[in-house]
Amino acid sequence: IPHDVSIRHRLVRTQNGGINFCCYWWRSSQRKTLKNFSTLQFKEQLEMSGKNDKFRNCGPETSIPIENLLYANDQEPPEAELKRPDKREDNAIRKIFCQTNVVPNAGGSAYVEAGNTKVLGTCYGPRDLIRGRQYSDHGKLTCSLQFTPFSCRKRRGHKQDDDDIEISRIVAQALSYVIRLEKYPKSLIKVFLVVLENDGSALATALTCASLAVANANIEMLDLVTGCSLVLDNSRLLTDPVHSEESKRGVSSLTLAYCPSLDEVSGVTQSGPIQDSQLEEATAKCLQGCSQVFLVQQACLRTQPNTIK
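Residues numbered from 1 in each chain as written. Predicted model: local features only at pLDDT ≥ 70, side-chain atom pairs only at ≥ 80, totals over all residues. Heavy atoms only, no water.

A look at the overall build of the protein chain
- Scanning the protein chain for helices and strands turns up six helices and 13 strands.
- The contacts of the protein chain with a sequence gap of at least 6 include a subset with a gap of at least 24, amounting to 60%.
- Per element, the accessible surface of the protein chain, about 19,400 Å² overall, is 49% carbon and sulfur. (Helix = DSSP H or I, 4+ residues; strand = E, 2+ residues; numbered from the N terminus. Contact = heavy atoms within 4.5 Å. Areas by Shrake-Rupley, 256 points an atom, 1.4 Å probe, with all protein chains shown as cover.)

A word on the confidence of the model for the protein chain
- Mean pLDDT over the protein chain: 80, with 71% of residues reaching 70 or higher.
- Note on residues 27–39: pLDDT under 50 across the span, and 26 contacts to partners over four residues away in sequence or across chains.
- Considering only residues more than four positions removed or in separate chains, one finds that residues 305–309, a stretch of pLDDT under 50, has 16 contacts. (pLDDT = per-residue confidence, 0-100.)

Let's talk about the pairing of strand S7 (residues 140–147)
- Only one face of S7 is buried: it carries Leu141, Cys143, Leu145 and Phe147, and the other face, with Lys140, Thr142, Ser144 and Gln146, is open.
- Pairing geometry for S7 and strand S8 (residues 187–197), over eight bridges, is parallel. When the bridges of S8 are listed, Leu141 appears paired with Ile189.
- Chirality of the crossover, the property in question, places the unit of S7, helix H3 (residues 162–176) and S8 among those that are left-handed. (Buried < 20%, exposed > 50% of the residue type's maximum accessible area, 1.4 Å probe, protein only. Pairing = 2+ DSSP bridges. Right-handed = clockwise from strand over helix to strand, strands pointing away.)

Structural notes on the pairing of strand S12 (residues 264–271)
- Looking at chain direction, strand S11 (residues 252–259) and S12 are connected through seven bridges and run antiparallel. Paired with Ser253 across the bridge in S12 is Ser271.
- Here S11 hands over to S12 after four residues, with Asp263 in that stretch at a positive phi of 55°.

Here's the deal with the packing of aromatic side chains
- Applying the stated criterion across every chain, the model contains two aromatic pairs.
- Ring geometry for Phe97 versus Tyr111: centroids 6.4 Å apart, planes at 65°, classification edge-to-face. A residue pair is termed long-range when its members are at least 10 positions apart, and Phe97 in strand S4 (residues 96–100) and Tyr111 in strand S5 (residues 108–114) qualify at 14 residues.
- The class of Tyr111 is buried, set by a relative accessible area of 16%.
- When the ring of Tyr124 is compared with that of Phe192, the centres are 5.9 Å apart and the planes differ by 70°; the resulting orientation is edge-to-face. Taken together, the positions of Tyr124 in strand S6 (residues 117–128) and Phe192 in strand S8 put the pair 68 residues apart, joining distant regions of the chain.
- The class of Phe192 is partly exposed, set by a relative accessible area of 34%. (Phe/Tyr/Trp six-rings, centres within 6.5 Å; stacked < 30°, edge-to-face > 60°.)

In structure tokens form, the structure reads like this:
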């Protein structure tokens, strides 16, 4: 190219959606189109010019799109999409560990692990009601549950929020069904639950832990309360879901509080739509999971610690 020639280029979109490379040159204030050739032709000439130019750093002759490098490891074969994150079957529960008498100063205490979900529960009472309250033939049960700030993937506040209050109410309602409050007039029983780590099924684990803590406090109960959760994901019923399965968009969840000896349900919590036919199957799977948890509760109250594998 002569020293007195200036060159400019630009990309031009064609009618059929392609892109052409246009190169212009001018000399003595005269602008003319030097050449209008396609991108493929420009690439060939660029490679030819690069071979003759020792100052040009030419790229490799073959290249791979960057999208293939970014998402190659994330793509899984179609048959692996049906597997759960922890490789469990759809109706299998996680490994459970239970232990009581973990807080010496409390009337009763329990610690429950369901996979990576960890809950600590304490029970105080029965104690006399505060003066000034109206006389009652039945005792009163209060429950307070709180997630620690580091329990979830997103950091939570130090005070109770709406979710904590709602779960506390559900646990208190399920326990009131089995505790013989008529045996403790003018008395108050307090249950405190702390979720140390939440990896799914926090409500079901809290129900199991609260029941063990009350039983460890030697409070008369008609039966133990066991909890089990289930989610509906694209017509699949997944028992004892983990956090990644619960947090999917569009899934429905069901949590059951079951009394195995009485063969009665003391609480049901549902989120999202579930068909009637699917609800019957989901309830049966939750009851099956509660029966397995009940065996661990019984063994924990006899000899501790106990675990199921």
